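Architecture at a glance
Chain residues, written in single-letter form:
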Amino acid sequence: MTENSFVHRFEPATGAGSPPLLLLHGTGGDENDLLGLGKMVSPGAALLSPRGRVLEHGMPRFFRRLAEGVFDEDDVRRRAHELGGFVAEARQRYGLAAPVAVGFSNGANIAAALLLLEPDVLAGAILLRAMVPLSDPPKAELGGKPVLLLSGQADPIVPPSNSAKLASLLSGAGARVEHKVLPAGHQLSQADVTLARDWIGKLAAEVA
Ligand code: MLT
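Counting from 1, residues in each chain are numbered in the order their sequence is written. Local features in this predicted model are restricted to residues whose pLDDT is 70 or higher, and side-chain atom pairs enter the listing and the counts only when it is 80 or higher, whereas totals over whole chains, interfaces and linings include all residues. Hydrogens are left out, water is left out, and the side-chain values use all remaining heavy atoms of the structure.

Read across the open sheet, the seven strands follow the order β1-β3-β2-β8-β9-β10-β11; overall the sheet is mixed. The strands lining the two open edges of the sheet, one partner per strand, are β1 (8-11) and β11 (176-182). Neighbour-to-neighbour, the strand axes of this sheet turn through a mean angle of 15 degrees, independent of strand direction. Note: strand β2 (residues 21-24) against strand β3 (residues 47-50), two bridges, orientation parallel. Across the sheet, L21 pairs through a bridge with L47, a residue of β3. Paired strands, in this sense, are two strands between which DSSP finds at least two bridges. Strands here mean DSSP runs of E at least two residues long; helices mean DSSP runs of H or I at least four residues long; both are numbered from the N terminus. Angles run from 0 to 180 degrees between N-to-C directions of axes, and those axes are lines fitted to C-alpha atoms, restricted for helices to the stretch in contact.

Listed below in structure tokens is the structure:
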């Protein structure tokens, strides 16, 4: 791959009929973090899992932030564009359909940014504990793209008003958004896995 490349793991599909997953880890994670989650959510799907290229005190992330919940929005734009380029290259190299993102925390935020900035990159997204990534996003046209947004009622990082705003931003851009607020904090719970798996299962049945 070119200079646009990310350190990543790729696991080919072992079954047919499910969209590939683009796994996007949270702050301090890496390309190995979400492989297990990907397998639970969509057994047999191809998994593409890049490592974020920004380091914050040694912790990989997908874009720079100025403080917790305060983003360097120029960097968000630039990194979303880089990630979009990586996905395009990986699709060619591995022969993949457009992936569905499964992003957690910082990974969910870059996935939300990708939807708004590069709407053709993703076939859909599961956003786990996501927040609004850009204060003034461009007018995206998401044409019915499916998005599952799972938020935590007691999330100390993402206030409920912020995830509600993200849901309406994405719906306003034409995405088919399902937003559920779980009795959880910022960490994932079993309910996230079950809801994500059921949602992907329905999506795979729709496109089959
Ligand atoms: C972010 O920086 O993307 C959010 O604050 C979530 C996090 O990574 O902690």
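Within 6.5 Å between ring centres, the rings of Phe, Tyr and Trp (the latter by its six-membered ring) count as paired, and their orientation is classed by plane angle as stacked under 30 degrees, edge-to-face over 60, tilted in between. For the structure shown, the criterion picks out three aromatic pairs. Measuring from centroid to centroid gives 5.2 Å for F6 and F86, while their planes differ by 45 degrees, and the two rings are tilted. Linking F6 in the segment before β1 with F86 in helix α2 (residues 73-94), this pair joins segments that are 80 residues apart in sequence. Here F6 and F86 have matching classes, each one buried. A ring pair is formed by F10 and Y94, whose centres lie 3.9 Å apart and whose planes are at 10 degrees; its orientation type is stacked. Highlighted residues: F10 in strand β1 and Y94 in helix α2, separated in sequence by 84 residues. Residue F10 is classed as partly exposed on the basis of its relative accessible area of 21%. Placement of a charge over a ring requires the Lys NZ or Arg CZ to be within 6 Å of the ring centre, with the centre-to-atom vector within 35 degrees of the ring normal. Here the guanidinium or amino end of R53 rests over the ring plane of F6, the centre of that ring lying 4.8 Å away. Here the guanidinium or amino end of R61 rests over the ring plane of F63, the centre of that ring lying 5.2 Å away. Remark: exposure states derive from per-residue accessible area (1.4 Å probe, protein chains only) relative to the maximum for the residue type, with buried under 20%, exposed over 50%, and partly exposed in between.

Our next topic: the site of the ligand. All residues in the neighbourhood of the ligand are listed as T27, R61, F63, R65, G69, F71, S105, N106, N109 and I157. Distance and chemistry together define a polar contact, namely a pair of N or O atoms within 3.5 Å, with one atom able to donate a hydrogen and the other to accept it when in protein, and with adjacent residues in sequence counting only for side-chain atoms on both sides. Here an oxygen atom of the ligand sits 2.8 Å away from a polar atom, N or O, in the side chain of R61. Contact distances for the ligand include 2.9 Å between an oxygen atom and a side-chain N or O atom of N106. Looking at the shell around the ligand, its residues break down into three nonpolar, five polar and two charged. Residues are classed as near a molecule or strand on a simple rule: at least one heavy atom within 4 Å of it. Under the scheme applied, nonpolar residues are Ala, Val, Leu, Ile, Met, Phe, Trp, Tyr, Cys and Pro; charged residues are Asp, Glu, Lys and Arg; polar residues are all the others, including Gly.

A word on the pairing of strand β8 (residues 100-104). Summarising burial for β8: five of the five residues are buried, a large majority. Residues of β8 alternate between two faces, with V100, V102 and F104 on one and A101 and G103 on the opposite face, all of them buried. With four bridges joining them, β2 and β8 adopt parallel strand pairing. Pairing of L22 across the sheet is with A101, part of β8. Direction of pairing for β8 relative to strand β9 (residues 124-128): parallel, over a ladder of five bridges. Each bridged residue has a counterpart across the sheet, and for A101 the counterpart in β9 is A125.

Time to look at the environment of S105. Along the polypeptide, S105 turns up in the loop between β8 and α3 (106-117). Relative accessible area serves as the criterion here: at 13%, S105 is assigned to the buried category. Along the backbone, S105 and R129 are 24 residues apart, and their C-alpha atoms lie at a distance of 5.2 Å. Within the structure, the side chain of S105 is placed 2.7 Å from the side chain of H186, a separation counted as a polar contact.

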